[in-house]
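Okay, here's what each chain looks like letter by letter:
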Amino acid sequence: MKNQMTEQDIEKIKAEIEERKVVERPKLLKALQEARAQGDLSENFEYYAAKRANNSNNSRIRYLERMLRNTEVVEDTSAEDEVGLNDSVTVRFLDDDSEETFKIVTSIRGNSVDGRLSLESPFGKAVLGHKVGDTVSVPAGAGSYEVEITDIVKSSDENDALKAF
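Reading guide: rules and limits
Residues numbered from 1 in each chain as written. Predicted model: local features only at pLDDT ≥ 70, side-chain atom pairs only at ≥ 80, totals over all residues. Heavy atoms only, no water. Axes fitted to C-alpha atoms, helices over the stretch in contact; angles between N-to-C directions. Helix = DSSP H or I, 4+ residues; strand = E, 2+ residues; numbered from the N terminus. Parallel < 35°, antiparallel > 145°, perpendicular 65-115°, else oblique. Left-handed = near helix turned anticlockwise from the far one by under 90°. Nonpolar A, V, L, I, M, F, W, Y, C, P; charged D, E, K, R; others polar. Core = buried A, V, L, I, M, F, W, Y, C linked by side-chain atoms within 4.5 Å. Buried < 20%, exposed > 50% of the residue type's maximum accessible area, 1.4 Å probe, protein only. Pairing = 2+ DSSP bridges.

Q: Could you clarify how one ought to interpret the packing of helix 1 (residues 7-36) against helix 2 (residues 45-69) in this entry?
A: At a closest axis distance of 9 Å, the pairing of helix 1 and helix 2 adopts a crossing angle of 160°. Judged by the angle between their axes, helix 1 and helix 2 are roughly antiparallel. Here helix 1 and helix 2 pass one another in a crossing that is left-handed. For the contact of helix 1 with helix 2, a count of residues per class yields 15 nonpolar, three polar and eleven charged.

Okay, structure coming up:
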């Protein structure tokens, strides 16, 4: 399955890769060379720390580049009064009359602990495109549960940090 990202997500990842390659990598290589020049590598903690930091940076670059290679760009095509990508939606659970607010995000940014549900999740799929007042059936295991959409807050999400990676 491809990672789903918005154009803003992709630009942020490209900026991080550039920062790591142009700014961080030269610093880490210099620190590695300085530690290596101190002599005996078998007991040189600075050398191992610099090597670990350099390897960590290179691993992060490879991870982000691999993420970009496996990306599908998604856009919000919802109307102004419909639930769409990056929108916060408040729902009332009909079985216990409780309310909760969730943000519908791309699959790569989903984090249910933070109230960020993927548009690929059963909940995300169920509420996408619906309007305030709509009652929606959300699949759950062998059954389902009903929610009523009570509020939608539109968001551009451009300044939101990438919390998923």
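Q: Mind showing me how you'd approach the nonpolar core here?
A: Counting residues in hydrophobic clusters, the biggest one holds 18 residues, and the most contacted among them are V83, V89, V91, I104, F123 and I149. Contributing elements (two or more residues each) for this core: strand 3 (88-93), strand 4 (98-105), helix 3 (122-127), strand 6 (135-140) and strand 7 (143-153). In terms of nonpolar packing, the next biggest core, distinct from the first, is built from eight residues, M5, I17, M67 and I108 among them.

Q: Would you explain the sheet that holds strand 3 in this entry?
A: In sheet architecture, strand pairing relies on hydrogen bonds along the backbone and comes in two forms, parallel and antiparallel. In space, the five strands of this open sheet follow the order 5-4-3-7-6, with mixed pairing throughout. Pairing within the sheet leaves two strands with one partner each, and these edge strands are strand 5 (116-118) and strand 6. The sheet shows a mean angle of 45° between the axes of neighbouring strands, taken without regard to direction. When strand 3 meets strand 4, the two strands line up antiparallel, connected through six bridges. Among the inter-strand pairings, T90 is bridged to a residue of strand 4, identified as T101.

Any functional reading would require information that these geometric values do not contain.
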